[in-house]
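Spelled out, the chains give:
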Amino acid sequence: MQLTLHPFELKFRHTFTISRKSKDVQPLLVVELKQDGISGLGETADNSYYNMTVPRLMEAINAHRELIEGHTLTTPEAFWDLLYPLFKDNLFALCAIDLAAHDLYAKKLNKKLYEVWGLDISHNPMTDYTIGIDTVENMVSKLKEFPWPIYKIKLGTQHDIAIIEELRRHTDAIFRVDANCAWGVEETLRNAAAFKSLGVEFIEQPMPAADVEGMRKVYEQSALPIIADESCITEADVANCKGLFHGINIKLTKCGGITPARRMIDHAKRLGMQVMTGSMNESTVGTSAVAHLLPYLDYVDMDGPLLLAEDTSDGVKIVDGRIIYADRPGTGALLR
């Protein structure tokens, strides 16, 4: 197998702000695995919160280049099992390799990835579009610039209720709220009560992951469902979310790829929790991989390419919240 690494720095359409930081550029790493003349693509995102940079990701992968290039792919799952002991401290890097392996595997079978799994795509959920933290005037402007059926609203300010009230005046779309750990118990309960009448569907990760007892109180008393993000990073976290959250948001980059994500989805459903997958501002390479998980999901946040002013590839298209698969085998991603 031939391994090629493609680093990118892509500009956002607008400065992207959440409760803990702002950024204008998204560094990304695309991994290409080539075997028997067929290439598979995977992607992972730079993320300072988890101390993951593109140079660190490339260093981790290059450290095991000989093993990767000496491997003959049988199944993505077997490849993941082989690599996990080497990448268990860098699941971001493992994610990119795993996505590339799934793309390559499906292409070798000349099938779309969801076809390999025997899935029905006729009832796929629609993706939201994210409005980052800004002045309320700018948030309204972004909403009007991009009419959409579902919005994820980033919050974590001193006037979060007023923001949702003002945004609601300009659209009938479904709202989802993501506080990225910015609130406490009482603020979460107060906001949930106010948001319920404002057309908010759920709240994502309102409090820090370490506040387990606080989350238990919120879970029991919240007027809205609560979805875990920072509290559910890897497979081991799924069981711990039971009784604290109504659902989990799985990020392929954080958990190590499609292979563990499918196990997490199955585990969460057996525990009676809802499931979504989320974006780490990936380009169309990573987003095309997420698209094939849609039949498993209750919700999805896969708007990365919509937020970026530039892209790495062609692949899935997103039109009014609906995902249109590329007419190609694998995940459908094709480097430009």
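From a predicted model like this one, the values you see are computed outputs, not experimental measurements.

J.: What's the story with the pairing of strand S10 (residues 274–277) in this structure? I'm lost.
T.: Taken residue by residue, a regular strand's side chains alternate between the two faces of the sheet. In this structure, strand S9 (residues 247–250) lies alongside S10, joined through 4 bridges in parallel fashion. The partner of glycine 247 across the bridge, within S10, is glutamine 274. Taken together, the 2 bridges between S10 and strand S11 (residues 299–300) define a ladder with parallel strand orientation. Each bridged residue has a counterpart across the sheet, and for methionine 276 the counterpart in S11 is tyrosine 299.

J.: Is there a simple way to think about the pattern of salt bridges in this case?
T.: Inspection of every chain in the model, using the stated rule, returns 20 salt bridges. When the shortest N-O distance is used, the salt bridge between arginine 336 and aspartate 314 registers 3.1 Å. Separated by 22 residues along the polypeptide, arginine 336 in the segment after strand S15 (334–335) and aspartate 314 in strand S12 (residues 313–314) bring together distant segments of the chain. A residue is classified by how much of its surface remains accessible, and arginine 336, at 62% relative accessible area, is exposed. Ionic contacts of the salt-bridge type, sharing partners, join the residues Lys152, Lys154, Asp178, Glu204 and Asp301 into one network.

J.: When you look at the packing of helix H7 (residues 160–168) against helix H8 (residues 185–196) in this model, what are you seeing that I'm missing?
T.: For any two helices packed against each other, the geometry comes down to the angle between their axes and how far apart the axes lie. It is the contact of H7 with H8, at a shortest axis distance of 10 Å, that shows an interaxial angle of 15°. As summarised for this structure, H7 and H8 are arranged roughly parallel, according to the angle between their axes. Remark: the crossing between H7 and H8 carries right-handed chirality. Counting all contacts with H7, which are made through Asp160, Ile161 and Ile164, the residues of H8 involved are Glu187, Asn191, Ala194 and Phe195.

J.: Teacher, can you tell me more about the sheet that holds S11 here?
T.: Two pairing modes exist for strands in a sheet, parallel and antiparallel, and in both the strands are linked by backbone hydrogen bonds. Read from one edge of the open sheet, 8 strands run S4-S5-S6-S7-S8-S9-S10-S11, paired in parallel fashion. Two strands close off the open sheet at either side, each with one partner strand: strand S4 (129–131) and S11. Taken strand by strand, helix H12 (residues 258–270) contacts S9 and S10, and its axis lies near 175° from that of S9.

J.: I'm lost on the environment of isoleucine 133 in this one. Help?
T.: Relative to the helices and strands, isoleucine 133 resides in the loop between S4 and helix H6 (136–145). Of the residues examined, isoleucine 133 reaches a relative accessible area of 13% and is grouped as buried. When sequence neighbours within four positions are dropped, the list of residues in contact with isoleucine 133 reads Thr17, Ile18, Ser19, Met139, Lys154, Leu155, Gly156 and Thr157.

Basis of the calculations
- Residues numbered from 1 in each chain as written.
- Predicted model: local features only at pLDDT ≥ 70, side-chain atom pairs only at ≥ 80, totals over all residues.
- Heavy atoms only, no water.
- Pairing = 2+ DSSP bridges.
- Helix = DSSP H or I, 4+ residues; strand = E, 2+ residues; numbered from the N terminus.
- Salt bridge = Lys/Arg side-chain N within 4 Å of Asp/Glu carboxyl O.
- Buried < 20%, exposed > 50% of the residue type's maximum accessible area, 1.4 Å probe, protein only.
- Axes fitted to C-alpha atoms, helices over the stretch in contact; angles between N-to-C directions.
- Parallel < 35°, antiparallel > 145°, perpendicular 65-115°, else oblique.
- Left-handed = near helix turned anticlockwise from the far one by under 90°.
- Contact = heavy atoms within 4.5 Å.

Structural measurements only, silent on function.
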